Structures are given as C-alpha cells and as structure tokens.
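Listed here are the chains, written in short residue letters.
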Amino acid sequence: METFNGPDLLINGVSKAGGGEYGKVKIDGVGTVEGSVASVTFDANGITKVHGDLITGELDSDGIFRVDGLLTARKMKIDGKMKVKGSLKADYCSANGILNIGGDCEIEQFDMHGAFEVQGLLNAGRMELKLQGRGKAREIGVESIQVRQASRSVWGKLWSWMLPKFSPELQVTVIEGDDIDLEYTEADIVRGNRVLIGKGCSIGLIEYRTELKVHPGAKIGKEVKTGG
Amino acid sequence: MEQDLISKKDLLDEKGISYGQLYRWKRKQLIPEEWFIRKSTFTGQETFFPKDLILTRIDKIMNMKDDLSLDELADKFSPLLPEYEMRKVDLLKRNIVSPVVIERFASGDADGVVYTFDKLLYFYVVDKLLQAGEMSMEEGERLLQTLRDHFPKFDGKPCDLIFIRKMGVSSFALLSVPADLYYESGVKLIARVSMSECIEQLKGKWV
C-alpha cells in the first residue's frame, strides 16, 4: 500500500470524481466520489461524500463526511460529523464530534469525544469515551472501556434541558468486556471481569467475575458474581 | 438437522476465556461472523454459537496462539484460498493425497505439473471421502467434476458438500452455509463435508 504509485485525486471547490485506486486523495470544499475508493491517504476538509466503499490507510476528516458503503481505515481522525451506512473497521480511531454508523464497528483503539450512534455491535480493543451528547449502540464488546462525561458548559446544560436527545449519557443494551469503567450509562446488562460503576448509571443486571465497585448514586437492578 | 448450540456464557465458562479475548478474536477474523447466532431468550437477546465448530476452533486458537501471531492464525482460518501451489511429485511424497487417487484422476498429468490450491483441494476432498469408504471411484469422478464446475462460484464464501444416495443412486450438491436442509424419506445422507474445514486442514499440511 505504501509503495503504490497511482494517480492522486485533488478537489478544490465543488466537484465530482470517479472511484478507483488513488495514491493521495485530498478534498477541500464540496467533493463527491461516485463509486468505491481505495487510497493510501484520504484528507477531507469540508463536505465529502463517497457513494460506495472506502478503503484507506490514513483518513483525516474535518467537516462533514459521508460514506454510503463500508469504511475500512488503518488510522482515522475525525473532527466534525461522520456518517457511514455500512460497517466501520479501523486500527485506530480518534473522533471529535458526531459519529453515526449504520452497521457494526470494529476498532482496536477508539477515542471518542462527543456523541455517537452505532446500529450494530461496537467491538473495540480499548475504548475511551468522553460524552458531550448521547452515545448509543446496540451492543458493546471490548477488552477495556472507560466512559466519562465531558465537562459541561452552561450552554450545554441548557441544550440538554431543552432537548433530552443531547443529554450526555451512554445508552446500550449489553456491555461485555474485561475491564469496564462506566459513568452516566444506561444499560440492561453489563458483564465483565472487573466492573466499576460510577455516578449517573442505571444498570439492570451486572455479572462480574473478580471485582465490582458501585458508586452510591448508581441504580442497579441485580448483581451476580460468576465463575470461581 | 438441528445444530447443537452453546451460549456465549457457557462457552466462556467452559473454555476459561474472557469476553475481551472472544471479541479480540472476532475482530481478528479468527471466529467467523456467521457463527454468532443471535436468539431471543427469556433474559433478552443472547448470542449462541454452533457448539462443535466453536469448541474445536477455540481449542485450536488456544493451542497455536503461543507459536503464531493472531494475524498468522487468521490466515490459517480464512476461508479464502491461499496462493499455495504444489508439484505432483511433492503431492505424493508428502502423502497429502493417496497414490490411488493420483493414479486414477491425474494419471494424464506429468510429474512436474504444478497444481494450484483449488485443484489440490478437490483431490483432497475426493481422497477424504474415498478413504472413509463412503464413495466409489466412479462417484469420485463425478464429485471431482461437480467441484470443478461449481465450487469456484462460491468465491470464498463458506459452503458444504452434500453427498446423498437414494435407492442406490447417488448425487452431490454444494450449498452455502449456514443452511438447513431437509430430505424426502428414503434419502440417505452419506456425508456432509464443510469445505472451509477442508481448506483449513489442507492448509495445515503446509507447515
């Protein structure tokens, strides 16, 4: 991939381009790619749409980014809004803003600041969440997860009071992992090895293997210790 | 044919692995997506696995993970055909396919001829069924033809080979999995062979 000598794709302003294999892709402005793209790097500033799948080594997006198919990247850095209709696969993903994934998510290391929604399974190695809005996933499976609320400004508080959709909490049916450290999370079931439940949590059932700590302010339905 | 299933929780308890490991292996494609079967139970949605498949797979991973990296393991389990090739003489020398099969089905090829992985796979499957004593030589010929004609159409997707017989008349079929298959009475299922399994076994012979 590194030594690929294909053409580069450069868009400045408002334009459309065809899919295919590229070395570097750089889009400033409003760019649309018709079809699937494979590239070594993909740098997008502004509004970018890919009508197909995107496979790239390094993805850097500032602004609004939309992929109609699957997104596979080794390393990705998102500032702004991103929407992927299919699944997302990455080794490293750092996102600041709003992330919307229609399928499953597989990320080795996932740092998220903002709000997100994953329709399917969110499968990550290490996951750090700083929520400024709502985080939502059907299921989360991880090696380790940490959920925190980002410090909130007065305006943020006002927003979440007016629109409950913006209230910074994580909503998920099941969280399964080895190291689980949660705050402001609403889940039906949490299963893990070491489980820390912080303030603002509401959990239906906790199954833990070695350790469980619960903040007095958290609402827990039932606690079960499993294994030996 | 109802598959025996095991729940995720029972699997982890039985094998002594953690959620993190399971999800990690899934991310590395060591455990195929289609084995994760979601079913609703009285406690809500639960994930189940085909019991025999997942137990043998986990055993294999646990045995090999000290010697190989996870990425190397993933290559081994991948249902895609690798770019391995082998000459006919080596095939015999390394005893991958029995001499009888070579004699019967490849006598026209010179000793130096190089077989690609898919060709080898066909011989391997035929050899396997012949050795199990379930199939005659003539049927082997037809099986080989079936595989040549239809196996490439699956294009890396997992599939099973079905071998049935009714009133002494045999036939072969390939079907993509997971699939349930029901037969009329009088049909005897002689063998159902997972092609992915065969690919894995054959790949194992290279090391």
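Quick caveat: nothing in here was measured; it's all calculated off a predicted structure.

Trainee: Outline the overall build of chain A, listing residues and values.
Mentor: When helices and strands are counted, chain A shows one helix and nine strands. For chain A, the N- to C-terminal ordering of α and β elements is β-β-β-β-β-α-β-β-β-β. What you see for chain A is a C-alpha radius of gyration of 19 Å, in line with the 17 Å of a compact globule of 228 residues. Its C-alpha atoms put chain A at 60 × 45 × 20 Å along the principal axes. The proportion of buried residues among the 228 residues of chain A is 46%. Counted over contacts in chain A with a minimum sequence separation of 6, partners at least 24 positions apart contribute 12%. For chain A, the accessible surface area stands at approximately 10500 Å², while carbon and sulfur atoms represent 53% of it.

Trainee: An account of the side chain of B:Ser98 is needed here, citing residue identities and associated values.
Mentor: Residue and element names in this part refer to chain B. Relative to the helices and strands, Ser98 is located in the loop between helix H5 (88-93) and helix H6 (99-105). Overall, the relative accessible area of 12% leaves Ser98 in the buried class. A polar atom in the side chain of Ser98 sits 2.5 Å from the side chain of Asp127.

Trainee: Please provide a residue-by-residue account of helix H3 (residues 51-64) of chain B, values included.
Mentor: Residue and element names in this part refer to chain B. With 14 residues, H3 extends 20 Å between its outermost C-alpha atoms, agreeing within 8% with the 20 Å of an ideal straight helix rising 1.5 Å per residue. Taken as a whole, H3 has its buried residues at Ile54, Leu55, Arg57, Ile58 and Ile61. For H3, the arc enclosing every buried residue in end-on projection is 165°, short of the 170-degree limit, so these residues lie on one face. Opposite its buried face, H3 presents the exposed residues Asp52 and Asn63, each directed more than 90 degrees away. Buried residues belonging to H3 abut strand E1 (5-7), helix H1 (8-15), helix H2 (19-27), strand E3 (44-50), helix H4 (70-77) and helix H9 (195-204).

Trainee: Just give me the short version of the interface of chain A and chain B, but keep the residues and values in it.
Mentor: The partner chain B presents 18 residues to the 22 residues of chain A that form the contact. At the boundary of chain A with chain B, the tally comes to nine salt bridges. Applying the counting criterion to the chain A and chain B interface returns twelve residue pairs in polar contact (both at pLDDT 80 or more). If you list the elements that add at least two residues to the side of chain A that touches chain B, you get strand E5 (105-149), strand E6 (170-182), strand E7 (185-197) and strand E8 (202-214) of chain A. Here the side of chain A that touches chain B takes twelve residues from E5(A), the largest share from any one element.

Trainee: Hey, could you go over the pattern of salt bridges for me, with residue numbers and the actual values?
Mentor: Going through the model one piece at a time under the given rule, you end up with 33 salt bridges over all chains. Here B:Arg24 and A:Glu108 are joined by a salt bridge, their closest N and O atoms 3.7 Å apart. Here B:Arg24, found in helix H2, pairs with A:Glu108, found in strand E5, and the two come from separate chains. Judged by its relative accessible area of 28%, B:Arg24 is partly exposed. In this structure, the salt-bridge partner of B:Glu200 is B:Lys60, at a minimum N-O distance of 2.6 Å. With B:Glu200 in helix H9 and B:Lys60 in helix H3, the pair connects residues that are 140 residues apart, well separated along the chain. With relative accessibility at 10%, the residue B:Glu200 sits in the buried group.

Quick notes on the rules
- Residues numbered from 1 in each chain as written.
- Chains lettered and ligands numbered in written order.
- Predicted model: local features only at pLDDT ≥ 70, side-chain atom pairs only at ≥ 80, totals over all residues.
- Heavy atoms only, no water.
- Helix = DSSP H or I, 4+ residues; strand = E, 2+ residues; numbered from the N terminus.
- Rg over C-alpha atoms; globule rule 2.2 N^0.38 Å.
- Buried < 20%, exposed > 50% of the residue type's maximum accessible area, 1.4 Å probe, protein only.
- Contact = heavy atoms within 4.5 Å.
- Areas by Shrake-Rupley, 256 points an atom, 1.4 Å probe, with all protein chains shown as cover.
- Polar contact = N/O pair within 3.5 Å; in protein donor to acceptor, adjacent residues only side chain to side chain.
- Expected span 1.5 Å × (residues − 1).
- Arc of directions from axis to C-beta.
- Salt bridge = Lys/Arg side-chain N within 4 Å of Asp/Glu carboxyl O.

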